[in-house]
Amino acid sequence: MMMRILVIGANGQLGAEFMRHQNSGFQIDGVGRAECDICDLQEVQQCLNRYDPDVVINCAAYTAVDAAEENREVCFAVNHDGVLNLAKCCAERSIPLVHFSTDYVFDGQKEGVWYEDDTPNPINCYGESKLAGEDAIRKVCNQYLIFRISWVFGQYGPNFVKTMLRLAKTRSELNVVSDQYGGPTATPCIVRAVLGSLANSRSGERGLAWGTYHLPSEPFVSWAQFAEFIFAKAQELELLSVVPQVHSIPTSEYPTPAKRPLNSRLGSGEQEVSACDWQTALGRLLPGIIHSLEGE
């Protein structure tokens, strides 16, 4: 029988990408907050009863990093309390839970890449809440996959790529931080990694063992380098005729309410987790992203 997947947070950036994979050999149902508010335990129970999934994939999250500093209770309500509700309901039904965490669980002080067994030490509220959500799952569930991902972009929802392209319409010069490094991660890469592991488990092949994994994306770049590549690729594809000049600035010249880690480079000690090629993925996504911005 076809594996039944329930995507929580199906209207968000990552959830919407999962919903595009209806013909991937899985039965994929999706719910948004209006149908399933994960902060309400009873709603979660009713939702799982209604869809009776084999696997739950949680894409619901509070991701406003700066706003979280003044909305700590709301942030933790979604990223910890809501995740705990999902974990409890999945554990009661012996349903595996797939969840997404972040590079922001680390403080960014390490010189090399961050691996799964490195000690988390978040430096902002968002990172603290995501780490709390991870811990809630590990305490309650026996069957779970937690993927830490970084600098996510895709065709749906707000992200850095869209922000740069939107600014390119009105500005000839942009100041972009150059001392924060990480791996931009395309949503299709994330979806393929998750569904690939679930497909292997379903077919009897060796999928990922339950646990916490990093989903690396290479090559590593700074935000300024990422912006430059976005504009260069868009111009190469003849999607932009004129591109802004990117000026590299240090984090100290771009203060934000939430501190950001300077080093968000994720690596994986698990051979089965291969790195995403974000540059190729960006080239494929750019036409759709720019098309989505044309109506603004």
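The structure we're discussing is the one just above.
Since we're looking at a predicted model, the values are computed, not measured.

**A closer look at the state of the cysteines**
Part 1 of the reasoning: Enumeration according to the criterion identifies 0 disulfides in this entry.
Part 2 of the reasoning: Cysteine 75 carries a free sulfur, and the closest cysteine sulfur to it, the one in cysteine 125, is 4.2 Å from it.
Part 3 of the reasoning: Cysteine cysteine 141 shares no disulfide, and the gap to the nearest cysteine sulfur, in cysteine 90, comes to 5.9 Å.

**What to know about the side chain of serine 101**
Part 1 of the reasoning: By secondary structure assignment, the location of serine 101 is in strand β4 (residues 97-102).
Part 2 of the reasoning: Those residues in contact with serine 101 that lie beyond four places of it in its chain are Lys130, Glu134, Ile146, Phe147, Arg148 and Ile149.

**As for the pattern of salt bridges**
Part 1 of the reasoning: Summed over the entire model, instances satisfying the criterion amount to 12 salt bridges.
Part 2 of the reasoning: The partner of arginine 138 in a salt bridge is aspartate 135, with the nearest N and O atoms 3.1 Å apart. Of this pair, arginine 138 and aspartate 135 both sit in helix α4 (residues 125-140), 3 residues apart, roughly one helical turn.
Part 3 of the reasoning: For arginine 138, a relative accessible area of 29% gives the class partly exposed.
Part 4 of the reasoning: Among the residues examined, aspartate 135 registers a relative accessible area of 32% and is labelled partly exposed.

**Re the sheet that holds strand β2 (residues 26-31)**
Part 1 of the reasoning: Ordered by their spatial adjacency, 6 strands build an open sheet running β2-β1-β3-β4-β5-β10, and the pairing between neighbours is parallel. Of all the strands in the sheet, just β2 and β10 (211-214) have a single pairing partner and so form its edges. Across this sheet, the average inter-strand angle for adjacent strands is 20°, counted without regard to direction.
Part 2 of the reasoning: Of the strand pairs in this sheet, β4 and strand β5 (residues 144-149) are connected by 6 bridges, and their pairing is parallel. Its bridge partner lying in β5, serine 101 is registered against arginine 148.
Part 3 of the reasoning: On the sheet, α4 packs against β4, β5 and β10 and is oriented at approximately 155° with respect to β4.

**Focus: the packing of helix α3 (residues 72-93) against α4**
When two helices pack together, their arrangement is given by the angle between the helix axes and the distance between those axes.
Part 1 of the reasoning: With their axes 9 Å apart at the nearest point, α3 and α4 run at an angle of 15° to one another. Put simply, α3 runs roughly parallel to α4. The way α3 lies across α4 gives a crossing that is right-handed. Seen from α3, the contacting residues are Arg72, Cys75, Phe76, Asn79, His80, Val83, Leu84, Ala87, Lys88 and Ala91; seen from α4, they are Cys125, Tyr126, Glu128, Ser129, Lys130, Ala132, Gly133, Ala136, Ile137 and Val140.
Part 2 of the reasoning: Here the residues of the contact of α3 with α4 sort into 12 nonpolar, 4 polar and 4 charged.

**Structural notes on the environment of arginine 33**
Part 1 of the reasoning: With respect to the helices and strands, arginine 33 occurs in the loop between β2 and α2 (41-51).
Part 2 of the reasoning: Looking at arginine 33, the relative accessible area reads 67%, which means it is exposed.
Part 3 of the reasoning: Put simply, arginine 33 and asparagine 11 are 22 residues apart on the chain and 8.3 Å apart in space, counted from C-alpha to C-alpha.

**Some details on the sheet that holds strand β14 (residues 263-264)**
Note: strands within a sheet are paired through backbone hydrogen bonds, in either parallel or antiparallel orientation.
Part 1 of the reasoning: What the 3 strands build is an open sheet, ordered β12-β8-β14; its pairing is mixed. At either end of the open sheet lies a strand with only one pairing partner, and these are β12 (221-222) and β14.

**Considerations on the pairing of β2**
Part 1 of the reasoning: In this sheet, β2 lies alongside strand β1 (residues 3-8) in parallel orientation, the contact comprising 6 bridges. When the sheet's bridge partners are listed, isoleucine 5 is paired in β2 with isoleucine 28.
Part 2 of the reasoning: Taking the sense of rotation as the criterion, the β-α-β connection linking β1, helix α1 (residues 13-19) and β2 turns out right-handed.

**Looking at the nonpolar core**
Part 1 of the reasoning: In this structure, Ile5, Phe18, Ile57, Phe100, Leu165 and Phe226 are the most contacted members of the largest nonpolar core, which totals 55 residues.
Part 2 of the reasoning: Considering each element in turn, this core owes the most residues, 8 residues, to helix α8 (residues 278-294).
Part 3 of the reasoning: The residues touching phenylalanine 226, leaving out its near neighbours within four places in the chain, are Trp151, Phe153, Phe160, Val161, Pro184, Val221 and Trp278.
Part 4 of the reasoning: Ranked by size, the runner-up nonpolar core spans 26 residues in total, among them Ile38, Val78, Leu86 and Ile95.

Calculation rules
Residues numbered from 1 in each chain as written. Predicted model: local features only at pLDDT ≥ 70, side-chain atom pairs only at ≥ 80, totals over all residues. Heavy atoms only, no water. Disulfide = S-S within 2.5 Å. Helix = DSSP H or I, 4+ residues; strand = E, 2+ residues; numbered from the N terminus. Contact = heavy atoms within 4.5 Å. Salt bridge = Lys/Arg side-chain N within 4 Å of Asp/Glu carboxyl O. Buried < 20%, exposed > 50% of the residue type's maximum accessible area, 1.4 Å probe, protein only. Pairing = 2+ DSSP bridges. Axes fitted to C-alpha atoms, helices over the stretch in contact; angles between N-to-C directions. Parallel < 35°, antiparallel > 145°, perpendicular 65-115°, else oblique. Left-handed = near helix turned anticlockwise from the far one by under 90°. Nonpolar A, V, L, I, M, F, W, Y, C, P; charged D, E, K, R; others polar. Right-handed = clockwise from strand over helix to strand, strands pointing away. Core = buried A, V, L, I, M, F, W, Y, C linked by side-chain atoms within 4.5 Å.

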